[in-house]
Amino acid sequence: MGEQLNIALIGCGGMMGGHVNAYRELRAHGFDNFNIVACCDIRPEAAKAYADQIGEFQASKPAVYTSVEDLLSKQGDLMACDISVLHSEHHVVTAMCAEAGKHVTIEKPFSITMRAGKVMLDACTAAGVKIHVAENYRRALSERANKWAIKTGLIGEPWMIYWIDAGLRMWYWTWREHRMDAGAGWTLDGGVHFADMFRYHIGPVEEAFAVTRSFWPHRYEHADPLGGKIIDVDVEDCMIAILKFEGAPTVGQWTLTSSCHGEGFGKRAIYGSEGALDWGMGLQAGDASMDRQALEAAFLASLDEDTRELYFPRGIMDTVAQELKEFIDAVLYGTPMETDGLEGYKAEAICYAVYESAVTGKAVKTADVEALKVEEYQKDINEHLGLV
Ligand SMILES: NC(=O)c1ccc[n+]([C@@H]2O[C@H](COP(=O)([O-])OP(=O)(O)OC[C@H]3O[C@@H](n4cnc5c(N)ncnc54)[C@H](O)[C@@H]3O)[C@@H](O)[C@H]2O)c1
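Residues numbered from 1 in each chain as written. Predicted model: local features only at pLDDT ≥ 70, side-chain atom pairs only at ≥ 80, totals over all residues.

Caption draft 1: Quick look at the overall build of the chain. On a plain count of helices and strands, the chain comes out with 15 helices and 16 strands. Against the compact-globule benchmark of 21 Å for 388 residues, the chain has a radius of gyration of 21 Å, which places it among compact chains. Of all 388 residues assigned to the chain, the portion counted as buried reaches 44%. (Helix = DSSP H or I, 4+ residues; strand = E, 2+ residues; numbered from the N terminus. Rg over C-alpha atoms; globule rule 2.2 N^0.38 Å. Buried ≥ 20, exposed ≤ 12 C-beta atoms within 10 Å, placed from the backbone.)

Next up, the structure:
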């Protein structure tokens, strides 16, 4: 067996289950250049459950830890950490791992605030370790095909993007509902995936003008059937924004809301000078029009062997497995990371330009958010976390 990256999983909750499955998938496809040496969670039963699962596909079962301090001081062979904790812990755990000389891949959103993100970037630079963001959405076959359609000019110059998700969710979604734990609501949590795709498909966003509302600042304790206690929440439940892209005429209308009683609706589409790309219908461009299946088939047929292997190694379609392989290879062999920490920071700046615009009532430039020149919305979170 060749060189292996010794990895610890930190934060063994819901999303880490996806990572464990992804590592299993990598193994099943013959990738054995990693070894999960430890699972760490403040809930010992959670860490143990994943250690048991990993023991089923790996020769050695990972050690179990209930604190990051213990993990870093006792697991002598550790080289890298895969972190999936709540947002308020991203910078704390990342900085600890970096200072101990461990490479880091961290779940999205990169950080709870931009200032926290800066702490993470600085800690990793100072320690000379890699920092990678686990951004998986852009790696899906459908998104790779969309990117190809845009890049090859099938819709001409992108003029307008509409990204509208309007529905109803009245149940309580744990720490995600609280600004001091999550930073913000869905525009940051799920929205950072979409912000990353705005950058991936079109390019940097220059500025945002937005309004947010918290129409019903409560949620029901139970989802199905809806009911139980009514719990107070303090993240937004409606966001409507206009985005201007950098160095291009492209404009975007971005709406995310979970407060629509009645029938919700959605539209995800880019309209260009010669056609449109619709997330549901596929490519609409006169004679070149293709439904989604045909578009993906045409994209796959266009790939040379190296690019196909880069996107879908040994045919793996699991986007989390793809991103983890990218991280492992980057640490072991110095190969490039498509979504490094800076990329995660810049995607997050689009979300925070939206929130900062909503509190200041002005259009906000992403560059000013990245440079920590506008922090009105984030101020109390930074103070609460001692980040001032
Ligand atoms: N890429 C995606 O599609 C996707 C999907 C869901 C969640 N996420 C992201 O994954 C991260 C985790 O979300 P989740 O849904 O798994 O949350 P979760 O609450 O299910 O899991 C978080 C885990 O971290 C543990 N934890 C908290 N503080 C800790 C600490 N200091 N040390 C060790 N363990 C600690 C908790 O006990 C819990 O088990 C978030 O950043 C979230 O935004 C990404």
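Caption draft 2: Summary view of the pairing of strand 9 (residues 218–222). The pairing of strand 9 with strand 10 (residues 227–232) spans four bridges and is antiparallel. Bridge assignment links arginine 219 to a residue of strand 10, and that residue is isoleucine 231. Adjacent in sequence and paired antiparallel, strand 9 and strand 10 are bridged by four residues. (Pairing = 2+ DSSP bridges.)

Caption draft 3: Fine view of the site of the ligand. In the region of the ligand, 24 residues are neighbours, and Gly11, Gly13, Gly14, Met15 and Glu107 sit closest. Considering each element in turn, the shell around the ligand owes the most residues, three residues, to helix 1 (residues 14–28). Split into classes, the residues belonging to the shell around the ligand amount to twelve nonpolar, six polar and six charged. (Near = placed C-beta within 6 Å. Nonpolar A, V, L, I, M, F, W, Y, C, P; charged D, E, K, R; others polar.)

Caption draft 4: Expanded view of the sheet that holds strand 6 (residues 131–134). If you trace the six strands from one edge of the open sheet to the other, you get 3-2-1-4-5-6, paired in parallel fashion. This sheet does not close on itself; its edge strands, each paired only once, are strand 3 (63–65) and strand 6. Put simply, the sheet's adjacent strands are angled 25° from each other on average, direction ignored. One ladder, built from four bridges, connects strand 1 (residues 5–10) with strand 4 (residues 80–83); its direction is parallel. Note that in strand 4 the partner of isoleucine 10 across the bridge is isoleucine 83. (Axes fitted to C-alpha atoms, helices over the stretch in contact; angles between N-to-C directions.)

Caption draft 5: Here's a closer look at the domain arrangement of the chain. In terms of domains, the chain is made up of domain 1 (5–136 + 317–335) and domain 2 (138–312). Averaged C-alpha coordinates put domain 1 and domain 2 at centres separated by 26 Å. Between domain 1 and domain 2, the contact holds 13 residues from the first and 15 residues from the second. For the side of domain 1 that touches domain 2, the residue count by class is four nonpolar, six polar and three charged. (Domains from an automatic or database assignment. Contact = placed C-beta atoms within 7 Å.)

Caption draft 6: Spatial organisation of the packing of helix 9 (residues 191–201) against helix 13 (residues 341–360). Interaxial distance between helix 9 and helix 13 falls to 8 Å at its minimum, and their mutual angle equals 110°. Overall, the two elements helix 9 and helix 13 adopt an arrangement that is roughly perpendicular. Judged by the twist between their axes, the crossing of helix 9 over helix 13 is right-handed. Touching Gly191, Val192, Ala195, Asp196, Phe198 and Arg199 of helix 9 are Lys346, Ala347, Glu348, Ile350 and Cys351, all from helix 13. (Parallel < 35°, antiparallel > 145°, perpendicular 65-115°, else oblique. Left-handed = near helix turned anticlockwise from the far one by under 90°.)

Caption draft 7: Local environment of the packing of helix 6 (residues 141–151) against helix 9. Taken N-terminus to C-terminus, the directions of helix 6 and helix 9 make an angle of 30°; their axes are 10 Å apart at the nearest point. Classified by the interaxial angle, the pair formed by helix 6 and helix 9 is roughly parallel. Contact residues: Glu143, Asn146, Lys147 and Ile150 in helix 6; Met197, Tyr200 and His201 in helix 9.

Caption draft 8: Just unusual backbone geometry, in detail. Each neighbour pair has its own omega, and for lysine 108 with proline 109 the value is -15°, a cis peptide bond. Cis geometry is adopted by the peptide bond preceding proline 225, which originates at aspartate 224 and carries an omega value of 5°. Of note in the backbone geometry, threonine 174 takes a positive phi value of approximately 50° without being a glycine. For threonine 174, a count of 12 C-beta atoms within 10 Å gives the class exposed. One non-glycine residue with positive phi stands out, namely leucine 372, at about 60°.

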